[in-house]
Amino acid sequence: MNEQELRQDIREHLKQAIEGQRVMLFMKGTPDMPRCGFSARTVAMLDELGTDYAAMDILPHPLIRQELSELSGWPTIPQLFIGGELVGGCDIVTEMFESGELAQALGVEDNAGAAAPVPEQQPRPIQIGE
Amino acid sequence: MPSLDDVKERIEQALPGSQATVTDLTGGGDHLRAEVVYQGFSGLSRIEQHKLIYDVFGDEIGGPIHALSLKTTTPDGAQ
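Conventions used here
Residues numbered from 1 in each chain as written. Chains lettered and ligands numbered in written order. Predicted model: local features only at pLDDT ≥ 70, side-chain atom pairs only at ≥ 80, totals over all residues. Heavy atoms only, no water. Helix = DSSP H or I, 4+ residues; strand = E, 2+ residues; numbered from the N terminus. Contact = heavy atoms within 4.5 Å. Areas by Shrake-Rupley, 256 points an atom, 1.4 Å probe, with all protein chains shown as cover. Pairing = 2+ DSSP bridges. Axes fitted to C-alpha atoms, helices over the stretch in contact; angles between N-to-C directions. Buried area = accessible area lost by both parts, 1.4 Å probe. Polar contact = N/O pair within 3.5 Å; in protein donor to acceptor, adjacent residues only side chain to side chain. Nonpolar A, V, L, I, M, F, W, Y, C, P; charged D, E, K, R; others polar.

Q: Sorry, what's going on with the overall build of chain A here?
A: A tally of regular secondary structure across chain A gives 5 helices and 4 strands. A fraction of 67% describes how many contacts in chain A between residues 6 or more apart in sequence connect residues 24 or more apart. If you sum the accessible surface of chain A, you get close to 6700 Å²; carbon and sulfur atoms cover 48% of it.

Pasting the structure below:
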């Protein structure tokens, strides 16, 4: 697979994760083992609210982060998406957590999605060189 | 690695009339926090406000500036 194809493949995975997951977190490391303080804090806030979410580690290949930032227009990690929309990074999530907006954003989505519940399923991890 | 004053000046030049307070979160010079007060944030979402500042630094974010934590407000205190 050349780099062009790899980029395309990664971009498709990212789009599927963003569009297919109600709450999607792109982070460094995993929720069980975050590899950056900002990712760890974001995970802690989501866990505190008790919401189901999917998470993807962007560290396995530098192109994952590059393609994600091109898709989202957001340069830093973590990035939280709710209902396919970028909510923000650690700073914005923190402000929203403290003001109650985050709980609201997660709750509103619940009601809106009542007609067609999206199954919570972890996206397939990106395999490099398959 | 840009100094705290560089970061402050570049934000204030890019967003005329803004006031930026830049601090070093870790002492290592590459995990920075900027609190920016700017009238032009009025009416923008938080995402749009933060993007205005990220755009000042482009690829330096994640490079020489490992992390730039942001807090954005308008002069009247609204977000």
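Q: Even after reading the chapter, I still don't get the sheet that holds strand β1 (residues 19-24) of chain B, so can you show me in this structure?
A: In sheet architecture, strand pairing relies on hydrogen bonds along the backbone and comes in two forms, parallel and antiparallel. Within the open sheet, the 3 strands sit side by side as β1-β2-β3 (chain B). Their pairing is mixed. What marks the edges here is a single partner per strand, and that holds for β1 and β3 (67-73) of chain B. Each adjacent strand pair in this sheet contributes to an overall mean axis angle of 15°, direction not counted. In this sheet, strand β2 (residues 31-37) of chain B lies alongside β1(B) in antiparallel orientation, the contact comprising 6 bridges. Across the sheet, residue T21(B) finds its bridge partner in β2(B), namely E35(B). Its contacts with the sheet place helix α4 (residues 90-99) of chain A against β2 and β3 of chain B, and it is angled at close to 45° to β3(B).

Q: Where do I start with the interface of chain A and chain B in this structure?
A: Accessible area lost upon the coming together of the parts is a frequently used measure of interface size. Taken together, the contact between chain A and chain B spans 16 residues of the former and 16 residues of the latter. Buried area between chain A and chain B, both sides added, is near 1300 Å², and the carbon and sulfur share of it is 58%. Counting the surface chain A buries against chain B, the share from its top three residues, W74(A), D91(A) and E95(A), is 40%. Counting every contact that joins chain A to chain B gives 6 residue pairs in polar contact (both at pLDDT 80 or more). Top contributing element to the side of chain A that touches chain B by residue count: α4(A), with 4 residues. Per-class residue counts for the side of chain A that touches chain B are 7 nonpolar, 4 polar and 5 charged.

Keep in mind these values describe shape, not function.
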